[in-house]
Amino acid sequence: MADEPTNIYEDLGAVYGQGAEEARQRYSQIRDAFVQKFNAEPEVFARSPGRVNLIGEHIDYEGYGVLPMAIALDTVVALRRSGTDSIDLSNLNSEKYQDVSFPINPSQEVNVGKHNWGNYFLGAYKGVYEHLSSPNSSAAPPPPTGLQVMVAGRVPTGGGLSSSAAIVCSSSLAILGAHGITLTKGEVAEFTAKAERYVGVTSGGMDQAISIMGRQGIAQHVEFNPVRATEVVLPANSCYVIANSLTVSNKAEGAEGRYNLRVVECRLASAVLAALLGQSKEAAIGFTTLKEVEPLAEAQYGGEKKGDATNAGVAAVHALLHEEPYDNAEIEGLLGKSVESLFTGDASAGRVLAKFNTFKLRQRAAHVFAEKQRVLDFEAMCNEKEKDSSPEETLKQLAALMDASQASCRDLYECSSVELDTLVTCAKGCGALGSRLTGAGWGGCTVSLIKEEDVDTFISKVKEIYYKPLIEQGRVTEEELGGTIFASPPASGGGVVKMKF
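All residue numbers here refer to positions counted from 1 along the written sequence of the relevant chain. For this predicted model, a pLDDT threshold of at least 70 governs which residues receive local features, and a threshold of 80 or more governs which side-chain atom pairs are given and counted, while totals over whole chains, interfaces and linings are taken from all residues. As a rule here, side-chain values cover all heavy atoms of the structure and leave hydrogens and water aside.

Ranked by size, the top nonpolar core spans 130 residues in total, and within it Leu79, Tyr240 and Phe378 carry the most contacts. The element contributing the most residues to this core is helix α7 (residues 259-276), with 12 residues. The criterion used for residue contact is that any of the two residues' heavy atoms lie within 4.5 Å. Apart from the residues lying within four places of it in its own chain, the contact partners of tyrosine 240 are Leu54, Met69, Leu234, Phe378, Leu398, Met402, Val447, Ser448, Leu449, Phe486, Ala487 and Ser488. Counting 19 residues, the second largest nonpolar core, distinct from the first, contains Ala243, Cys430, Ile459 and Tyr466. Buried Ala, Val, Leu, Ile, Met, Phe, Trp, Tyr and Cys residues that are joined via side-chain atoms within 4.5 Å together make up what is termed a nonpolar core. To sort residues, take the accessible area from a 1.4 Å probe on protein chains only and compare it with the maximum for the residue type: under 20% means buried, over 50% means exposed, and anything in between is partly exposed. Only DSSP runs of H or I with at least four residues qualify as helices, and only runs of E with at least two residues qualify as strands; both kinds are numbered from the N terminus onward.

Right under this line is the structure:
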């Protein structure tokens, strides 16, 4: 799939299914807004969806595969080349997102200290030119030129459904489409993951990969280095309901104390664990992900030696890393180098280290190693051709993995929140077989496994118990609930949309 060219859609039905007519009206609205704003027709439309991660949280940047699916909610970008020396951005939701302009220089820096929505487009723009200028590109970069852009997003921001990847991917596809350039899905997934880092988040690559590689009716086991995807057929009698906690968690805002701090802790855990597994100090600092450490753990704690642990990685963590946070002095004693020197040239890590000097290495590593195993088990249960268990038992097993993931995210990775925990408890009480946070956490959404025949009853109960008080508080309206809690089958990935008005 990674070697396939990115999608070109000529039929909205192929993207939106039964919602094709409503989508046509939406695209017409975007086109009319573009014409009104720029007094010209857009050259190209591109769209890319959000995603829900069924299992495998915070392990993509450690090199491990994840199991997401694309959702129907997406971001659409309409674009034309203006021939000016300016990139002019407008948003269909102009009340919330004001117009932004940038120079056309692809080498310009993104102002991470002054976050605004336009930074995501600028990150995509930089990413396109950086990739096209690299030896790995299958096409040459076009001369920079002015762009006029209208963005229309339906993926809730800060909801854990990857609105950031949706805008970065759709913007990249629109820029490429306007210049008549088609790349492979793998190429776009790889460079858009790097592009989002310009915004200040150390993205692992899952969000961009599924946004580009999503397929209707199919989840994907997405793996990395290089990026690739394996189809996962979900049980026929299962349905996944997404519910927004209404606590916003934007990865690019406050990342130093949350998302990026976890990335730093895992990097430190990798090197420290390598040293404790017998590597020299000089060799240990070369281990940058926990996946790289896994063979060392397997050699010493694999097989029967792992005891009751999920796998050798978890066994090594439990044996070698202590519960108390590690401070800089202890880490430097184990590795023979300052903590700061391990992150030379990494601006995001530098901002983390300026604020924090203690790190929970055992907890973060234990989560990563156990969560990677849950992904493999989830895929195996879905794809097993000759199942020994009944469909009912399969759903129970998948649900148990989701519940274990939530507990690990809450207790070991500490990326849940009071609201997410409350919503998960509510979902379980309303009939969910399994429920967990999805996305980076600290707010955003949950995903719950429901029997298909129970979906409507489940949603009604959650609305009454969780959302009714929030309606009374004025945090959400009755009319907004359709986009706040909903069932979503796996949806199509991003692509250029050829519209005929």
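What follows continues from the structure just given.
Between its first and last C-alpha atoms α7 spans 26 Å; for 18 residues at 1.5 Å apiece the expected length is 26 Å, and the two agree. Immediately beyond the C-terminal end of α7, within one or two residues, lies glycine 278, with a positive phi of roughly 110°. To estimate how far a helix should reach, multiply one less than its number of residues by 1.5 Å.

Our focus in this paragraph is the pairing of strand β6 (residues 147-153). Counting buried residues along β6, six of its seven residues qualify, which places the element largely inside the surrounding structure. Here, a strand pair is defined by DSSP locating no fewer than two bridges between the strands. Alignment of strand β3 (residues 67-81) against β6, held across seven bridges, turns out to be antiparallel. Residue alanine 78 lies in a different strand from β6, and its bridge partner there is methionine 150. Where strand β4 (residues 86-91) and β6 come together, five bridges link them in parallel fashion. Each residue of the ladder has a partner; that of aspartate 88, found in β6, is glutamine 148.

Moving on: the pattern of salt bridges. As a working rule, side chains carrying opposite charge can pair if their charged atoms are close by. For this document, the term salt bridge refers to a Lys or Arg side-chain nitrogen within 4 Å of an Asp or Glu carboxyl oxygen. Summed over all chains, the structure comprises 24 salt bridges. Here lysine 185 and glutamate 4 are joined by a salt bridge, their closest N and O atoms 3.0 Å apart. In this pair, lysine 185 is assigned in helix α5 (residues 185-196) and glutamate 4 in the segment before β1 (7-9), connecting sequence segments 181 residues apart. Relative accessible area serves as the criterion here: at 4%, lysine 185 is assigned to the buried category.

A word on unusual backbone geometry. Going from asparagine 225 to proline 226, the amide bond is cis rather than trans, its omega being 0°. Mapped onto the secondary structure, proline 226 falls in the loop between β7 (219-223) and β8 (228-232). Positive phi outside glycine occurs at asparagine 39, with the angle close to 55°. Note that asparagine 39 resides in the loop between α2 (20-38) and β2 (44-55). A relative accessible area of 72% means that asparagine 39 is categorised as exposed. In this model, asparagine 225 sits at a positive phi of 60°, which is unusual for a non-glycine residue. Relative to the helices and strands, asparagine 225 resides in the loop between β7 and β8. Given the relative accessible area of 69%, asparagine 225 is considered exposed.

Okay, the sheet that holds β2 next. Taken together, the seven strands give an open sheet; going across it, the order is β1-β15-β2-β3-β6-β4-β5, and neighbouring strands pair in mixed fashion. Looking at which strands have only one partner, the edges of the open sheet turn out to be β1 and β5 (100-103). Recorded for the sheet is a direction-independent mean angle of 25° between the axes of neighbouring strands. Pairing of β2 with strand β15 (residues 495-497), which is carried by three bridges, proceeds in the antiparallel orientation. In the strand pairing of β15, alanine 46 is matched with valine 496. Axis angles are defined between N-to-C directions and span 0 to 180 degrees, where every axis is a line fitted to C-alpha atoms and, for a helix, only to the segment in contact. Here helix α3 (residues 118-132) sits on the sheet and contacts β3, β4, β5 and β6; the angle it forms with β4, its principal contact strand, is near 135°. In the packing of helix α13 (residues 361-383) onto the sheet, contacts are made with β2 and β3, and the angle to β2 comes to roughly 100°.

Bringing the pairing of strand β13 (residues 445-451) into the picture now. Taken residue by residue, a regular strand's side chains alternate between the two faces of the sheet. Within β13, seven of the seven residues are buried, which leaves it mostly tucked inside the rest of the structure. Alternating residues of β13 divide into Cys445, Val447, Leu449 and Lys451 and Thr446, Ser448 and Ile450, and every residue in both groups is buried. Note: strand β9 (residues 238-244) against β13, seven bridges, orientation antiparallel. Directly across from cysteine 239, in β13, lies its bridge partner isoleucine 450. The pairing of strand β12 (residues 434-438) with β13 spans five bridges and is antiparallel. Its bridge partner lying in β13, arginine 436 is registered against valine 447. Hairpin connection between β12 and β13: a loop of six residues separates the two successive antiparallel strands, and glycine 439 in this loop has a positive phi of roughly 95°.

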